[in-house]
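Residue strings, one per chain:
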Amino acid sequence: MSISATAQLRRAARLAAGHALRFGTAPARWLARAVIRMHPGLEPRMADWAWLWQPGWGRRCHERLYRRPDPYGIAESAYEQDKYDLIMQTLDDTHYSRTLEVGCGEGQLTELLTKLTDELVAVDISAAAIERTRGRLEGDPRVVAQRRTLPLDMPPGTFDLIICSDVLYYWEPTTLRLGLGRLLDRLRPGGRILFLHYRGNFGQANCADAVHELAREFANGRGFGHPVSRTVHGVGPGGLGLRLDLLARA
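Just so it is clear, the model here is predicted, and its values are computed rather than measured.

A. Molecular detail of the overall build of the protein. Within the protein, the secondary structure is distributed over nine helices and seven strands. The proportion of buried residues among the 250 residues of the protein is 50%.

Following this line, the structure appears as structure tokens:
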């Protein structure tokens, strides 16, 4: 079997397993959401049940990925470095008092963002990833790295900047709608939120265009401006491109 055929078979298997798991956990997810609606204080405790909220892409999946260093090959990838450069160019050296990075991984982008902010809260679903972020930025008092399962286990407080780079397409549609509302509500007046996602399909729960269109829909309903919107073609695995949107609260 060729390498490409093997990759296609693995992708098909992941998709089938994800669909089966989502179907099998549907009653439990419904019950969990009903309980949370009646008892919001239980959310942080239930956030660790990621198999309910992100079946196929929950905490166990990401802990398996981070059994080895740099599972996404970011350090050796020109595309990943160019992606980070694009984020920093879009932010244009604006300074922020408090920033949230959703899905910080091993802290490669986190390290760059420290140049722009007085306080940076970096969160990830993987404990292994958070330990590596702490090691990378050890001794930097501006950085707080925390293992959290968003959107249920949101960090306290509000932010001037929120970064979501290649993370929200792991969220199931219902979780995504909940999460986008909470992220936008955590922005201070004048705050900005940046979304960037690879447009290819590797078996994730959502796709870049769906995530960004829903984010724009939510933002329009809350009076946000939309100063930057870019689709970059011909980059990333398979040349499938990326999508970037920057939204700003009035």
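B. Summary view of the pattern of salt bridges. Here the structure, examined in full by the defined rule, presents 14 salt bridges. Among the salt bridges present, the one from K83 reaches E80, with a minimum N-O distance of 2.7 Å. Here E80 and K83 lie together in helix 5 (residues 78-91), a separation of three residues that amounts to about one turn. Take K83 and E80: they sit in the same class, and that class is buried. By sharing partners, the salt bridges in this structure join R199, D209, E213, R243 and D245 into a single network.

C. View of unusual backbone geometry. Along the chain, L150 connects to P151 via a cis peptide bond; the corresponding omega equals 10 degrees. On the secondary structure map, P151 appears in the loop between strand 3 (143-147) and strand 4 (159-165). At D70, a residue that is not glycine, the phi angle is positive and equals roughly 50 degrees. The topology assignment puts D70 in the loop between helix 4 (59-65) and helix 5. Residue classification places D70 among the buried residues on the basis of a relative accessible area of 18%. Phi is positive for D92, which is not a glycine, with a value near 60 degrees. Summarising the element assignment, D92 is placed in the loop between helix 5 and strand 1 (96-102). A relative accessible area of 55% means that D92 is categorised as exposed.

About the cut-offs
- Residues numbered from 1 in each chain as written.
- Predicted model: local features only at pLDDT ≥ 70, side-chain atom pairs only at ≥ 80, totals over all residues.
- Heavy atoms only, no water.
- Helix = DSSP H or I, 4+ residues; strand = E, 2+ residues; numbered from the N terminus.
- Buried < 20%, exposed > 50% of the residue type's maximum accessible area, 1.4 Å probe, protein only.
- Salt bridge = Lys/Arg side-chain N within 4 Å of Asp/Glu carboxyl O.

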